[in-house]
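Residues per chain, in single letters:
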Amino acid sequence: MRILKLLMVVLVFFGSIISFGQNKEIKKYTVQEYVQDRVDWKPNPVNSEIMVLGNGYAIGGYDPVAYFTKKKAIKGNESIKLDWENVTWLFSSKEHKEKFKKSPSTYAPQYGGWSIYQMAGNGGEGYATQTKPEDSWLIFEEKLYLVHRADWAEHLRKNDATVANLMKYADEQWESVSEDIKNGGKVFWPSLRPEDPFDSHEMRPNLATSEIMVLHNGFAIGGYDPVAYFEIGEATKGKRDISYEWKEVTWLFDSEKHLQLFKNNPEKYAPQYGGWCAYGMSGHGSDGYGAQTRPNDSWSIVDGKLYLNWAPGVKQMFLNNKEQYIKDADREWQRVSKEILEGNTVHWMYF
């Protein structure tokens, strides 16, 4: 009897592996599951959602008030400090300390000081990334935001619309990400990032044994209805109870009508290049590659075919020279699709 029970456990275990390989039971993956063994991902040093750098102070000991009053990054003085949100903040003057004490939420950086770019997730799952308070910051609508690169901060200072869009997504993600950080979830410290980009957290295989892009809810193109782009001209989330298996992955639809249209001619409605970024697939001058896309706001229909792109700005670049990019992407897809099916890595800039 004990041998029989052991055999059943083994069968269940291998059955679950086979099921995953066939993409029948794709679970929702989280950032934590992908980065659990990586050296460039580790918990925040303190039991707080506030980013604490190596010296043990909030945002590396920079004075949060100085960004507003002096319009520059100034290191705080270790003799002028205040505890807030379970971490110690430094200030360059007693006046700044008092300002912060009266209204800390006015001066503290948004998202705990983690990068607004990665917190936004750009349509995917947001996550926390170390920032550079010394030169990678901006103030937008009287709030302080930090990023992890100075050139990105400079770009955001000149593009209010981009900041507003990032805020929208980052605000949605912050509630769950902040809890994750406080509970010991890992965050990204790019100062420890590997030199080889193909060993980076951004590069990994597709979630399914298919050339179709499967996002983290386990559905083709993130569960968006591919037919809706054509029939109603909008990005529309499909319903879990209206689904169809094609190319070894599950597609969702908003209506039975859309499901039938897809069944009758899936090649007509499925996005080109498996849903991967058309601009990235073209290589725009070099080899093409698979890159995650945003089906919600970075799509276009050209000559009766659906194309997805990484972000709205990338979509516009694609459309500006679409004939050439489509020609190049069509060529590259023959190679890239085979690599994806073989388990080679694709680019997930945002989880």
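The rules behind these values
- Residues numbered from 1 in each chain as written.
- Predicted model: local features only at pLDDT ≥ 70, side-chain atom pairs only at ≥ 80, totals over all residues.
- Heavy atoms only, no water.
- Helix = DSSP H or I, 4+ residues; strand = E, 2+ residues; numbered from the N terminus.
- Buried < 20%, exposed > 50% of the residue type's maximum accessible area, 1.4 Å probe, protein only.
- Contact = heavy atoms within 4.5 Å.
- Areas by Shrake-Rupley, 256 points an atom, 1.4 Å probe, with all protein chains shown as cover.
- Arc of directions from axis to C-beta.
- Salt bridge = Lys/Arg side-chain N within 4 Å of Asp/Glu carboxyl O.
- Pairing = 2+ DSSP bridges.
- Axes fitted to C-alpha atoms, helices over the stretch in contact; angles between N-to-C directions.
- Parallel < 35°, antiparallel > 145°, perpendicular 65-115°, else oblique.
- pLDDT = per-residue confidence, 0-100.
- Polar contact = N/O pair within 3.5 Å; in protein donor to acceptor, adjacent residues only side chain to side chain.
- Core = buried A, V, L, I, M, F, W, Y, C linked by side-chain atoms within 4.5 Å.

Trainee: Any details on the overall build of the chain? Residues and values, ideally.
Mentor: Each helix and strand in the chain was counted, giving 14 helices and 12 strands. Residue burial in the chain is summarised as follows: out of 351 residues, 51% are buried. Put simply, 62% of the contacts in the chain that link residues at least 6 apart link residues at least 24 apart. Of the roughly 17,100 Å² of accessible surface on the chain, 51% is carried by carbon and sulfur atoms.

Trainee: Let's hear about helix H10 (residues 256–264): which residues, and what values?
Mentor: Within H10, the full set of buried residues consists of His-258, Leu-259 and Phe-262. For H10, the angular spread of buried residues about the axis comes to 105°, placing them on one side. Set apart from the buried face of H10 by more than 90 degrees, the exposed residues are Lys-257 and Asn-264. Of the surrounding elements, those touching the buried residues of H10 are helix H9 (228–231), strand E8 (239–246), strand E9 (249–253) and helix H11 (266–269).

Trainee: Can you lay out the pattern of salt bridges for me, pointing to particular residues and giving the numbers?
Mentor: Applying the stated rule across the entire model yields 13 salt bridges. Ionic pairing is found between Arg-335 and Glu-339, a salt bridge with its closest N-O pair at 3.1 Å. Here Glu-339 and Arg-335 lie together in helix H14 (residues 322–341), a separation of four residues that amounts to about one turn. Arg-335 sits in the partly exposed class, given a relative accessible area of 30%. Residues joined by salt bridges that share partners form a network here, namely Asp-328, Arg-331, Glu-332, Arg-335 and Glu-339.

Trainee: Which residues make up unusual backbone geometry, and what are the values?
Mentor: A positive phi angle, near 70°, is found at Asn-86, a position not held by glycine. Among the residues examined, Asn-86 registers a relative accessible area of 65% and is labelled exposed. Phi is positive for Glu-141, close to 50°, though the residue is something other than glycine. Relative to the elements of secondary structure, Glu-141 occurs in the loop between strand E4 (137–140) and strand E5 (143–146). The class for Glu-141 is exposed, based on a relative accessible area of 58%.

Trainee: Provide a residue-level description of the pairing of strand E2 (residues 77–84), including the pertinent values.
Mentor: Side-chain positions along a regular strand alternate between the two faces of the sheet. Bridge count between E2 and strand E3 (residues 87–91): five bridges; the pairing is antiparallel. For Leu-82, the partnering residue across the bridge sits in E3 and is Trp-89. Here E2 folds back onto E3 in antiparallel fashion, the turn holding two residues, of which Glu-85 has a positive phi close to 55°.

Trainee: An account of the packing of helix H7 (residues 150–157) against helix H8 (residues 160–182) is needed here, citing residue identities and associated values.
Mentor: Relative orientation of the contacting elements H7 and H8 amounts to 110°, with a least axis distance of 6 Å. Judged by the inter-axis angle, H7 sits roughly perpendicular to H8. Across from His-155, Leu-156 and Arg-157 in H7, the residues of H8 making contact are Asp-160, Thr-162, Val-163 and Leu-166.

Trainee: Can you lay out the confidence of the model for the chain for me, pointing to particular residues and giving the numbers?
Mentor: When pLDDT is averaged along the chain, the result is 86, and 85% of the positions lie at 70 or above. Between residues 1–28, whose pLDDT stays under 50, and residues either more than four places distant or in other chains, the model counts 19 contacts. Confidence over residues 193–199 falls short of pLDDT 50; this stretch has 11 contacts with residues more than four positions distant or in other chains.

Trainee: Tell me about the environment of Arg-38, residues and numbers included.
Mentor: Structurally, Arg-38 can be placed in the loop between helix H2 (31–35) and strand E1 (41–43). Taking the relative accessible area as the measure of exposure, Arg-38 reaches 19% and is therefore buried. Along the primary structure Arg-38 and Phe-188 are separated by 150 residues, whereas in three dimensions their C-alpha atoms are 9.5 Å apart.

Trainee: Would you mind going over the environment of Thr-131 in detail, with residue names and values included?
Mentor: For Thr-131, the location among the structural elements is in the loop between helix H6 (116–120) and E4. With a relative accessible area of 1%, Thr-131 lands in the buried category. Remark: the alpha-carbon pair of Thr-131 and Ala-150, spanning 19 residues in sequence, is separated by 9.6 Å. Dropping the residues within four chain positions of it, Thr-131 is found in contact with Met-51, Leu-53, Gly-113, Trp-114, Ser-115, Leu-146, Val-147 and His-148. At 2.6 Å, the side chain of Thr-131 and the backbone oxygen of Gly-113 are in polar contact.

Trainee: Help me get a handle on the nonpolar core, residues and values and all.
Mentor: Counting residues in hydrophobic clusters, the biggest one holds 45 residues, and the most contacted among them are Trp-89, Phe-100, Tyr-111, Trp-114, Ile-116, Met-119 and Leu-156. Elements that contribute at least two residues to this core include exactly helix H3 (66–69), E2, E3, H6, E4, E5, H7 and H8. Tallying contributions element by element places H8 first for this core, with eight residues. Those residues in contact with Ile-116, other than ones at most four positions away along the chain, are Tyr-111, Tyr-145, Leu-146, Val-147, Leu-156, Val-163, Leu-166, Met-167 and Ala-170. Judged by nonpolar contacts, the second largest core, of 44 residues, contains Leu-207, Tyr-279, Met-281 and Ala-329.

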